[in-house]
Structures are given as structure tokens and as C-alpha cells.
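Residues per chain are reported as follows:
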Amino acid sequence: MARLNALNVERAKELIGHYPRPKSATIPLCHLAQEQDGFVTQEAMTHVAELVGCTPAEVYGTASFYEMFKFQSVGKYLVGVCTNISCMILGGDELLEHAEKKLGVRTGSTTSDGLFTLEEMECLAACTEAPCLQVNYRYRERVTHDQFDQLVDELRAGKHTNEIPAHGTVARVRQSIPSDRRASKDVF
Amino acid sequence: MPQTTKMITSRFDQPDSFTLSGYERTGGYRALRKALAMEPAAVIEEVKAATLLGRGGAGFPCGTKWGFLPPTVFPRYLVVNGDESEPGTYKDRLLMELDPHQLIEGVLICSWAIKAKQAFLYCRGEMALAQERLAQALNDAYAAGYIGKNIMGTGWDLDVVLHWGAGAYIVGEETALIESLEGNRGMPRLKPPFFPASKGLYMQPTVVNNVETLANLPWIVNNGASAFTAIGDPKAPGTRMFALSGHVNRPGVYEVDFGTTTFREMFEDPSLGGGIRNGGKVKAFIPGGASAPWFFEEHLDMALHPGPVGAAGSMLGSGAIVVFDETTDMVKAAWRIVKFFAKESCGKCSPCREGTNWLEKIYRRILDGHGRPEDIDLLMDVADNISPGLAWPPRQTTICPLGPSAASPIMSSVRRFRHEYEAYVNRGGGAT
Ligand SMILES: Cc1cc2nc3c(=O)[nH]c(=O)nc-3n(C[C@H](O)[C@H](O)[C@H](O)COP(=O)(O)O)c2cc1C
Ligand code: SF4
Ligand code: FES
């Protein structure tokens, strides 16, 4: 629970270097913080502010606008069920209700073992595959109630860890621009 | 039988479609070489001649938009809109996941044409796989000399940077996208006075284009504008990817020739929708995403063409068709879309922030069985305050079109299915 560690400071500096203005890296840096700690801590936001050259309040102001950033701990697996229009008319609400029963929590809360947080999601751009859900932003499509149960049981049993990293990590492949391939940097 | 040319989805069935070798083997980066041998102005002319209409929602001609850049102001930027989150929409994610190099080649061609200093690829935050595929593709394209310093030995330099969001529908609006890319809350800017073409990212001239729009550029450069306009309708040429969801037998993302396929073909053709489920009938459908007013039976034989669709009071928007069969509860369907807009309102202007949230509350009251007879007109009245006259194209009392979008499902459902609202109100007595 803290500031960005040394490795993430290196990554942060590389990200900042991708932009003509450092503040543009705010969202990617908040993702780094969330990847490190599972949610975005106050200390990390202060650190991000130092790195991009603004106030911690500005970082919080930005981060708090966006749904994906969490400011308190959530489960290892964030299960988000889409209930928007295309999913709703093909069983999205029922799937969410079933998920509440299976996990034993209400939407928006976390199981007592800290493994799952259940969320209702807006359209995930998988509307033709309704009803659908994401676990840590990895898709499961045309999900039946049985398939949902199986997924939860498998995650509890420690399966899928190769495909689905713990909450906080979104993409595991990072863009990296070798210094000798870089176009000249913009100077303002 | 509808015409279906595979222009931008041609590699989707190929197992290595997302790799550099898979892309190069199927003609990839040939268009870039060709474009770099042309003057930038000539590339713009070619794209103008192709009448490539923007695929992000507004359908504005792409070459014309590029022409709005003030000729002497530099640096300029290209921002790629990959924030896809309009309910019903599913195409940009596929283009990013399955053919990232095609998009990158389009980004490079556009950047060359508009003399951009740098390009930013803004991918929606929730799309983990798309971000991974794009990051890998960018790394490979840098290493292969397609991006960065001295591109393909021509002396041209350009950086393409992957940026990603963190969950907010409104960020898809181009000025909110720019705010977000500057590290701010994703709140739209008032336009006019400034449009991105004159003052966009860092208040410099900026082109914002949708993923699908840019994915068309390699094909156009390779085959020429006249080959492009020969496909589809001359006023809406090329192809478009439509996400067909809801109560059809074969929901899916289909690339069809633009402007010629009809809704009926889309829903019924065995290679497309394959008919309404359970042999049922269409009650209503959304032709272009949650923001679009609904269509009904009488619109089935209309072509998926922005001209007639616009004249009939709706839009093709982001290519998102949602089909409702006769079993659908129209009050609930409208409520779900209004709830979405209420939740996603950025809060910058009061008609949208307050209006959408009150609308959602009134809907809940009706659905819960506590609706009053006057609530039906109240819905229309509040919607009218956000979008005066409830007309098409919508007028707005707001900073951006999100607020007026909430009026679409309301006016469509109240005008057509008022009896369903009345049934709720008359039933009363709390939730059933
Ligand atoms: C509320 C709102 C949300 C939008 N969301 C998107 C989006 O997710 N993706 C997109 O490409 N365009 C979206 N747009 C349209 C963009 O503002 C812009 O017109 C488009 O990206 C321009 O690209 P094009 O000319 O290539 O279509 C949205 C517009 C509004 C008003
Ligand atoms: S219309 Fe809504 S989303 Fe658009 S600027 Fe106003 S409050 Fe924000
Ligand atoms: S409505 Fe559920 S993914 Fe689009």
C-alpha cells in the first residue's frame, strides 16, 4: 500500500516520455498504481502527482471520474455482468441475479474470502454474444447459469490464472519504444 | 441476396490475423509504401474522392474533415477513437483484436496525409485483449521500421502511442476524448467556438477518427477511390460492419456493402440474422445504437443508408442494430437505455445531469407500479427540456449530444407504445 515501487517508477517514466505533456500519462499511471496494489491508494496518487507535475487533488479529480479505478480494496476477481439493452433482453438481469446467489453477495460487494467482487456493467461491446460478462476485463460470452457456476468454481480452485491476472492488471503486454527507433520528441 | 464484400474483415478467419507476419503475408503495409510515394495532399484527395464517411457515429466525410485543418498551424495530432461503448456497438474491438496492423497502417496513412506530428491510439480501458494485441503490434511495427524514426527508409518520422481509458462512455465524444488524453476528467468541451480540427489536443489542430474509419484506408490506397465507390451506394460507399444483436436467430457482426442492404435482409437472410427467434415478428428495432430513435415494421425494407434512415428520423450511428421481438417490454427497454445515459452523464450541464436522472426516477416509479397517469407526459416534457421539440436531428440545450440521446428511446416508445405505459400506470399497486 504505498507509492509506486522502483520498477513501476521506471515504467511510469517511460510512459510519461510517450507524451508531449506529462499530465497525459495520468490515467496510465493510475492503472500502474492499481496494478501494484489492487486499487489506487492515496499515497500512489500523491506519487503520480509528483511524477506528472500536478497536485494530488488533480490526480484524484481525474481518477475518480473513471469507473475502473477503485479507491478501496476489491476482490481478486472483479466479475462484471452486462445488463445493458442487448444483454437485458437476452437474460442479463437474470444472470446478474444468479451471480448474486452463487456468490452470496449483493451487486457492488465482495465475498468474505476476498476472492470476488460483483458489479453490474454497462455495454461491453460484445452485444451479439449476450448475455456476457467480464472477469478482470476478460470476456465470457453467451453465459448460461451453469457455465457461470462452473467459472466461479474453477476460479475458486485456482484455475484460469494464466488467462486472468489478479484485479489491477489489465494488459500484460506493454508498448515500449526503443530509443533508437523513436521519432524526435516534441518540444513545446 | 445481400452483397457482402470483405474489405476490412478479410483476415478475421485467419488464425494469425493479429501478427505482423500474418499481416505482411496478406499484403500488409503495401498501402503505406504506396502512400509515402504520394504527396500528402494527393492522399487527402484520394480519400475525399472515396467519400469515406466516418464510422464513429456522425458519418462525417473523412477527407473533408482532414481538409479543415488550418494550413499553417503545427504541430498537428491524430487521435484514434477506440473507446467503443455505445450500447449495441461491437466492431472496433474486433478490428483492434483481430487485425491491429490494418488499423496501424491506416493510422500511418492518415498521419502522413495530414502531416501529424504524433498519433495517439485511445483504446477503451475495459478491453484488455485489444490493448495487448495493439501493444504487441506497435512493438513489432516499430522493430520492423514501419513506425518511429525514418519510416521505411523514407526519412519520415512518426511516433504512434497506445493510450487507454479507464471506463467512461462519454470519453467516446471527441472533445471528451481529448480531455481524457490530456489527463483530465472526460468532460466534453463546448463547440463552437473551437472544433478539434482547429484547437484540439493541447489546443493544437487535431483529427479525431474512429477505428473502423481508419481501418478502411489501406484498402482505399491499395485499390483507389473509384474501386471503393464502386462498392455499396455511391453516396455511402464501401462496406460497413454492423453488430446485429437481440432477438434474431444469428446475432453477429456482419460486414456488408454500405447503403444497399436492407434491414429485412439483415434480419432474415440465412447468412446474416437468419430470422427472428422462435419464428416471431419484429416489434421494434434500434437502427444505430442506444442514442438512435427506434424503427418499426414499416422501416424493414429501407436500405442501411444514412440518407433514407436520416430522413425517416433516425441514424445508423455506430452500426449497432438491436432487434426487439413481440415479447419485449418496451417500457423496460426504454428505461434501461435512459438509465445508461443517466449513469454516464458527465455532469457538466444541468439539463442532462438533472434531466436524465429525473427521467430514470420517473421510469422506476412507473415500473414499480407507482406511476401516475401524468407521468407519461412528464417523461416527454422533461425529454423536451433536454432536446427541444423532440425532433430529428435533435436540438440540444446541452453541451454535447449525450443528453438529447436519452430522449430517443422515450419519444420512440411513448409515441408508439403509449398503451404499454398506460398498462403499467393503470395496473398500479407496486411491483408485480
Ligand atoms: C456521447 C458520444 C459518444 C461517442 N462515442 C464514440 C465512440 O465510442 N467511438 C467513436 O468512434 N466515436 C464516438 N463518438 C463520436 C465522436 O465524437 C466522433 O464524432 C468520432 O470519433 C469521429 O470519428 P469519425 O469521423 O471517423 O466517425 C461519440 C459521440 C458522442 C456525442
Ligand atoms: S450533455 Fe451530458 S454528457 Fe454532454 S456535456 Fe452535458 S452533462 Fe456532460
Ligand atoms: S449490451 Fe451487453 S455487451 Fe452490449
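Calculation criteria
Residues numbered from 1 in each chain as written. Chains lettered and ligands numbered in written order. Predicted model: local features only at pLDDT ≥ 70, side-chain atom pairs only at ≥ 80, totals over all residues. Heavy atoms only, no water. Near = heavy atom within 4 Å. Nonpolar A, V, L, I, M, F, W, Y, C, P; charged D, E, K, R; others polar. Polar contact = N/O pair within 3.5 Å; in protein donor to acceptor, adjacent residues only side chain to side chain. Areas by Shrake-Rupley, 256 points an atom, 1.4 Å probe, with all protein chains shown as cover. Helix = DSSP H or I, 4+ residues; strand = E, 2+ residues; numbered from the N terminus. Pairing = 2+ DSSP bridges. Axes fitted to C-alpha atoms, helices over the stretch in contact; angles between N-to-C directions. Expected span 1.5 Å × (residues − 1). Buried < 20%, exposed > 50% of the residue type's maximum accessible area, 1.4 Å probe, protein only. Arc of directions from axis to C-beta. Contact = heavy atoms within 4.5 Å. Domains from an automatic or database assignment. Buried area = accessible area lost by both parts, 1.4 Å probe. Salt bridge = Lys/Arg side-chain N within 4 Å of Asp/Glu carboxyl O.

**Q** Describe the site of ligand 2, and please don't skip the residues or the numbers.
**A** What surrounds ligand 2 is a group of 13 residues, the closest being C346(B), K348(B), C349(B), C352(B) and C400(B). Looking at side-chain class alone, the shell around ligand 2 contains eight nonpolar, four polar and one charged residues.

**Q** Describe the site of ligand 1, with residues and values.
**A** Residues and elements named next belong to chain B. In the vicinity of ligand 1 lie 18 residues, with G56, K65, N209, N210 and T213 positioned nearest. In this structure, a nitrogen atom belonging to ligand 1 sits 3.2 Å away from a main-chain N or O atom of G172. Between ligand 1 and T213, the relevant distance is 2.7 Å, taken from an oxygen atom to a side-chain nitrogen or oxygen of the residue. Protein chains shield 89% of the accessible area of ligand 1, which is 620 Å² for the free molecule. Broken down by element, the residue count for the shell around ligand 1 peaks at three residues, all from strand β4 (residues 206–210). Looking at the shell around ligand 1 residue by residue, the class counts come to four nonpolar, eight polar and six charged.

**Q** Quick one: what's the story with the sheet that holds strand β2 (residues 116–121) of chain A, residue by residue and with numbers?
**A** Residues and elements named next belong to chain A. Strand order across the open sheet formed by four strands is β2-β1-β3-β4, with mixed pairing between neighbours. Among the strands making up the open sheet, the edge pair consists of β2 and β4 (138–140). Strand-to-strand twist in this sheet, taken as the mean axis angle between neighbours without regard to direction, amounts to 25°. Relative to β2, strand β1 (residues 77–82) is paired through six bridges, and the arrangement is parallel. When the bridges of β2 are listed, L78 appears paired with T117.

**Q** Any details on helix α15 (residues 350–367) of chain B? Residues and values, ideally.
**A** Residues and elements named next belong to chain B. Between its first and last C-alpha, α15 extends 25 Å over 18 residues, near the 26 Å set by a 1.5 Å rise per residue. Considered for burial, the residues of α15 that qualify are C352, G355, T356, L359, E360, I362, Y363, I366 and L367. When α15 is viewed along its axis, its buried side chains cluster within an angular range of 165° and face the same direction. Summarising the contacts, the buried residues of α15 are in contact with α14 (330–344), α16 (375–386), α17 (402–405) and α18 (407–427). Of the residues trailing α15, G369 is marked for its positive phi of about 90°.

**Q** With reference to specific residues and values, describe the domain arrangement of chain B.
**A** Residues and elements named next belong to chain B. One can read the domain layout of chain B as domain 1 (20–227), domain 2 (239–325) and domain 3 (330–428). Here the C-alpha centre of domain 3 lies 23 Å away from the C-alpha centre of domain 2. At the boundary of domain 2 with domain 3, total buried surface from both sides reaches about 1,200 Å², with 70% on carbon and sulfur atoms. Area buried by domain 2 at its contact with domain 3 is led by K283, S291 and W294, which between them contribute 45% of it. Taken together, domain 2 and domain 3 are joined by two salt bridges. At the junction of domain 2 with domain 3, the criterion picks out six residue pairs in polar contact (both at pLDDT 80 or more).

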